[in-house]
Amino acid sequence: MFKKHYFNTIFNTIFCKQAIFYFLRHKKLFFKEKPKMLKGELYNAGLDFHLFSEKQNCKKLCYKYNQISPEKIAERNNLIERILGKIGKSFLIEQPFMCDYGYNIEIGEQFCSSHNLLILDPAKVKFGDNVLVGPNCSFYTAIHPINTEERIEGLEQAKPIIVGNNVWIGGNVTVLPGVTIGDNSIVGAGSIVKKDVPSNCVVAGNPCIVIKKIN
């Protein structure tokens, strides 16, 4: 038993040293994907240790946020400040909340989201002022290739989502990559938003269409 343990220790030590040596020799290969991601180009997150580390740190902070007792508003807000890239002076994000990186998310003044907000943010997700987001809403900026080989290889890209001022998004809405929602518009509950939404209108459905204009 002792010999087996001793052998395993030596083997793991040698393997770790070899892995570190390989990484130091080829570290440029492991930090080249983030610029592609931010530019909206095809990238492979699995080849970038920095992206992996950023995502793990964000997941850790989101987990911590979701464990805080709801009445501890100041503690919750302080943690959101660490997670998100930009925040307004007044906001409310109900728990639970999850995102990928956090630093690509910006919220304006008087932002309010209900429970189960999910934001996949390899690209920018920007909310204007006075935005209301209902429960169980999702914002996806990530796009996986139609080409099977590229998808299996792990390639993906991302397109930003922009939400204007004074927008109300109902519950169970999904907003897809590259969408812009104009000022003062309302998105009905359960909608799938795959195209831009004009300002001053009510939209709903799957796919989401304009129901009426707002005077």
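Above this note sits the structure.
Scoring rules and cut-offs
- Residues numbered from 1 in each chain as written.
- Predicted model: local features only at pLDDT ≥ 70, side-chain atom pairs only at ≥ 80, totals over all residues.
- Heavy atoms only, no water.
- Disulfide = S-S within 2.5 Å.
- Buried < 20%, exposed > 50% of the residue type's maximum accessible area, 1.4 Å probe, protein only.
- Pairing = 2+ DSSP bridges.
- Helix = DSSP H or I, 4+ residues; strand = E, 2+ residues; numbered from the N terminus.
- Salt bridge = Lys/Arg side-chain N within 4 Å of Asp/Glu carboxyl O.
- Phe/Tyr/Trp six-rings, centres within 6.5 Å; stacked < 30°, edge-to-face > 60°.

Draft legend 1. Broad picture of the state of the cysteines. The full count for this structure, using the stated rule, is zero disulfides. Here cysteine 58 stays free of any disulfide, with the sulfur of cysteine 99 as its closest cysteine sulfur at 3.4 Å. Cysteine 58 sits in the buried class, given a relative accessible area of 3%. Under the relative-accessibility criterion, cysteine 99 is labelled buried at 0%.

Draft legend 2. Highlighting the sheet that holds strand β15 (residues 186-187). Sheet architecture is open: seven strands sit in the order β1-β4-β7-β12-β15-β17-β18, paired in mixed fashion. The outermost strands of the open sheet, each flanked by one partner alone, are β1 (91-93) and β18 (209-213). For β15 and strand β17 (residues 201-204), the ladder comprises two bridges, and the chain directions are parallel. Counted as the bridge partner of valine 187 is valine 203 from β17.

Draft legend 3. Representation of the pattern of salt bridges within the structure. Summed over the entire model, instances satisfying the criterion amount to five salt bridges. Here glutamate 94 and arginine 76 are joined by a salt bridge, their closest N and O atoms 3.6 Å apart. Of this pair, glutamate 94 sits in the loop between β1 and β2 (97-99) while arginine 76 sits in helix α4 (residues 73-83), and the two are 18 residues apart along the sequence. On the basis of relative accessibility, which here comes to 23%, the residue glutamate 94 falls in the partly exposed class. Of the charged contacts, one joins lysine 124 and glutamate 106 as a salt bridge, the two residues approaching to 3.0 Å between their closest N and O atoms.

Draft legend 4. Representation of the sheet that holds strand β13 (residues 174-175) in the model. A sheet is described by the order of its strands in space; here five strands give the open sequence β2-β5-β8-β13-β16, paired in parallel fashion. This sheet does not close on itself; its edge strands, each paired only once, are β2 and β16 (192-193). As paired elements, strand β5 (residues 117-120) and strand β8 (residues 138-140) share three bridges and run parallel to each other. If you follow leucine 120 over to β8, its bridge partner there is tyrosine 140.

Draft legend 5. Looking closely at the packing of aromatic side chains. One pass over the structure, following the stated rule, counts three aromatic pairs. Ring centres of tyrosine 101 and tyrosine 103 lie 5.7 Å apart, and the angle between their planes is 40 degrees; on these two criteria the pair is classed as tilted. When its relative accessible area of 5% is taken as the criterion, tyrosine 101 is described as buried. Summarising the aromatic geometry, the rings of phenylalanine 127 and phenylalanine 139 are spaced 5.1 Å apart at their centres and angled 85 degrees between planes, so their arrangement reads as edge-to-face. Within this pair, whereas phenylalanine 127 is found in strand β6 (residues 125-127), its partner phenylalanine 139 is found in strand β8, the two being separated by twelve residues in sequence. Look at phenylalanine 127 and you get buried, because its relative accessible area is 3%. Looking at phenylalanine 139, the relative accessible area reads 0%, which means it is buried.

Draft legend 6. View of unusual backbone geometry. Residues glutamine 95 and proline 96 are joined by a peptide bond in cis, for which omega reads -5 degrees. If you trace the backbone, proline 96 turns up in the loop between β1 and β2. Across the junction of asparagine 206 and proline 207, the peptide omega takes the value 0 degrees, indicating a cis bond. Along the chain, proline 207 turns up in the loop between β17 and β18. Even without glycine at this site, glutamine 110 takes up a positive phi of about 55 degrees. Within the fold, glutamine 110 resides in the loop between β3 (105-106) and β4 (111-113).

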